[in-house]
Amino acid sequence: MAGHGYQDGRLDLPFVGISTFGKRPYVSDWSTIDADIAILGAPFDFGTQWRAGARFGPRGVREASTLFSFGHAGAYDHEDDVTYLPGSVRIVDIGDADIVHTDTSKSHANIETGVRAILDAGALPVVIGGDHSINIPCIEAFEGRGDIHILQIDAHLDFVDERHGVTRGHGNPMRRAAEKPYVTGLTQVGIRNVSSTAKEGYDAARAMGSDILSVRQARNLGPQTVIDRIPQGARVYVTVDIDGFCPSIAPGTGTPSHGGFLYYEVLEMMQALARRHEVVGIDLVEVAPDYDPTGSTSILAAQLLLNTLGFIFHARGFS
Ligand SMILES: [Mn+2]
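Residues numbered from 1 in each chain as written. Predicted model: local features only at pLDDT ≥ 70, side-chain atom pairs only at ≥ 80, totals over all residues. Heavy atoms only, no water.

Per an unreviewed UniProt entry, the recorded name for the protein chain is Agmatinase, and the organism is Lutimaribacter saemankumensis. Of the protein chain, the UniProt comment under Sequence similarities (unreviewed entry) reads exactly: "Belongs to the arginase family. Agmatinase subfamily." (UniProt positions renumbered as here; feature names shortened; annotations may be inferred.)

As structure tokens, this is what we get:
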């Protein structure tokens, strides 16, 4: 069989080489992004209110993503009879936003610069956190680029307005998003248990256009019905807090909350979303690899991202 294409050159197994996301090309110059998807790391975790460690999320998820980097022929899914992420979908990794310790403003500004560079290049931004505060500069990068709706998968509502002067911590991002004139609404799914948001936050969220569903409510509705609640025609930005998942499968996070989603529940929401809506951006936050010595949390994050990207670009007609 010598000479057949996929047996030529390097074998390049997943554990071999440099851990960019999916072992895709690294682009260090943000003025030269030429891709359909660009991955940005946002290793910032000064916004946490309990366990830090999400600063290592980008490295953890990148390393885990190499598991799914076999070859360049795409990922064949026998259930869907589709080869997702064929070679025609160009993915690059633009590295990390620079983080300045103790300086949230500078660090967030650097994240926003990265997302703007990706959007200016016409690519889909995929940002790996970092704690959930990194969603704030991600959403700010969308200013002047049309209306968006936000789909949040999370255990926590993250709708705190301000406490002790803090407005850009990991309990604030959905409130900051809802304040933007170009954010037309939020669908907040997986919300459960005690968290930083008090009743006033829930009332404010609903008054500002949020549809809030717990895990049990979402489970009873089913993934398609949850997605059908998002207004038809909305351009959707997805923010996934890994603690939306059950800590039994995602213990590597700062504030785990029992009773979360299992893999297919979220995956099927992403598939339904990709079929029905234009997805304009994604962030995945709060992976703190040090709390999960098995590495399973990072693998879950990488697997969800790659499969979601496959659904989005399949819906866009790539084959
Ligand atoms: Mn969150």
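A. Expanded view of the overall build of the protein chain. Each helix and strand counted, the protein chain has nine helices and 10 strands in total. The C-alpha radius of gyration computed for the protein chain amounts to 19 Å, which stays within 12% of the reference 20 Å derived for 319 residues, consistent with globular compactness. The buried share among the 319 residues of the protein chain stands at 56%. Only carbon and sulfur atoms are counted for the fraction: they give 52% of the accessible area of the protein chain, which is about 13900 Å². Each charge sign in the protein chain was given a centre, from 26 positive and 39 negative side chains, and these centres are 3 Å apart. (Helix = DSSP H or I, 4+ residues; strand = E, 2+ residues; numbered from the N terminus. Rg over C-alpha atoms; globule rule 2.2 N^0.38 Å. Buried < 20%, exposed > 50% of the residue type's maximum accessible area, 1.4 Å probe, protein only. Areas by Shrake-Rupley, 256 points an atom, 1.4 Å probe, with all protein chains shown as cover. Lys, Arg positive; Asp, Glu negative; His and termini not counted. Charge placed at Lys NZ, Arg CZ, Asp CG, Glu CD.)

B. Highlighting helix 2 (residues 104-120). With 17 residues, helix 2 extends 24 Å from end C-alpha to end C-alpha; this agrees with the ideal 24 Å at 1.5 Å per step. Turning to helix 2, its buried residues are Ser-107, His-108, Ile-111, Glu-112, Gly-114, Val-115, Ala-117, Ile-118 and Leu-119. Looking at the packing, one finds that the buried side of helix 2 touches strand 1 (37-42), strand 4 (91-96), strand 5 (124-129), helix 3 (135-140) and strand 10 (278-285). Measuring from the backbone nitrogen of Ser-105 back to the side-chain oxygen at the start of helix 2 gives 3.2 Å, which picks out Asp-103 as the cap. (Expected span 1.5 Å × (residues − 1). Contact = heavy atoms within 4.5 Å. Polar contact = N/O pair within 3.5 Å; in protein donor to acceptor, adjacent residues only side chain to side chain.)

C. Region of the structure containing the pattern of salt bridges. Under the defined criterion, the tally for this structure stands at 22 salt bridges. For Asp-120, the salt bridge is made with Arg-145, and the minimal N-O distance between the two is 2.9 Å. On the criterion of sequence distance, the pair formed by Asp-120 in helix 2 and Arg-145 in the loop between helix 3 and strand 6 (148-153) is long-range, its members being 25 residues apart. The closest approach of N and O atoms between Arg-175 and Glu-179, which form a salt bridge, is 3.9 Å. Taking relative accessible area as the criterion, Arg-175 reaches 14% and is therefore assigned buried. Glu-179 gets classed as partly exposed once you look at its relative accessible area, which sits at 39%. Connected through shared salt-bridge partners, Asp-161, Arg-175, Arg-176 and Glu-179 make up one network. (Salt bridge = Lys/Arg side-chain N within 4 Å of Asp/Glu carboxyl O.)

D. Seen up close, the UniProt feature "binding site: Mn(2+)" (unreviewed entry) in the protein chain. Annotation from UniProt places "binding site: Mn(2+)" (unreviewed entry) at His-132, Asp-154, His-156, Asp-158, Asp-241 and Asp-243. Over a stretch of 112 residues, the named residues converge on one spot in the fold, their C-alpha atoms separated by at most 12.1 Å. Its relative accessible area of 0% is what places His-132 among the buried residues. One polar contact links His-132 to Asp-158, side chain to side chain, over a distance of 2.9 Å. Structurally, the position occupied by His-156 is in the loop between strand 6 and helix 4 (173-178).

E. Molecular detail of the coordination of the manganese ion. Distances from the manganese ion to its protein donors, namely His-132 (ND1), Asp-154 (OD), Asp-158 (OD) and Asp-241 (OD), fall within the range 2.1 to 2.2 Å. Motif for the manganese ion, donor spacing along one chain: H-x21-D-x3-D-x82-D. Taken together, the residues span a long stretch of sequence, with Asp-158 in the loop between strand 6 and helix 4 and Asp-241 in strand 9 (residues 235-241) at a distance of 83 residues. (Donors = N, O, S within 2.8 Å, 3.2 Å for Na, K, Ca; no water.)

F. The arrangement of the sheet that holds strand 4 in detail. Strand order across the open sheet formed by eight strands is 4-1-5-10-9-6-7-8, with parallel pairing between neighbours. If you trace the sheet from one side to the other, it starts and ends with strand 4 and strand 8 (210-213), each paired once. Across the sheet, the axes of successive neighbouring strands diverge by a mean angle of 15°, strand direction being ignored. For strand 1 and strand 5, the ladder comprises six bridges, and the chain directions are parallel. Bridge pairing in strand 5 links Leu-40 to Val-127. Along the sheet, helix 1 (residues 57-65) contacts strand 1, strand 4 and strand 5; its crossing angle with strand 5, the most-contacted strand, is approximately 115°. Across the sheet, helix 5 (residues 199-207) lies against strand 7 (183-189) and strand 8, angled at about 130° from strand 8, the strand it touches most. (Pairing = 2+ DSSP bridges. Axes fitted to C-alpha atoms, helices over the stretch in contact; angles between N-to-C directions.)

G. Examining the side chain of Lys-23 more closely. Position of Lys-23 among the secondary structure elements: in the segment before strand 1. From its side chain, Lys-23 meets the backbone oxygen of Asp-12 in a polar contact 3.3 Å long. Each residue touching Lys-23, except ones within four places of it in the same chain, is listed here: Asp-12, Leu-13, Pro-14, Val-16, Ile-18, Thr-66 and Ser-69.

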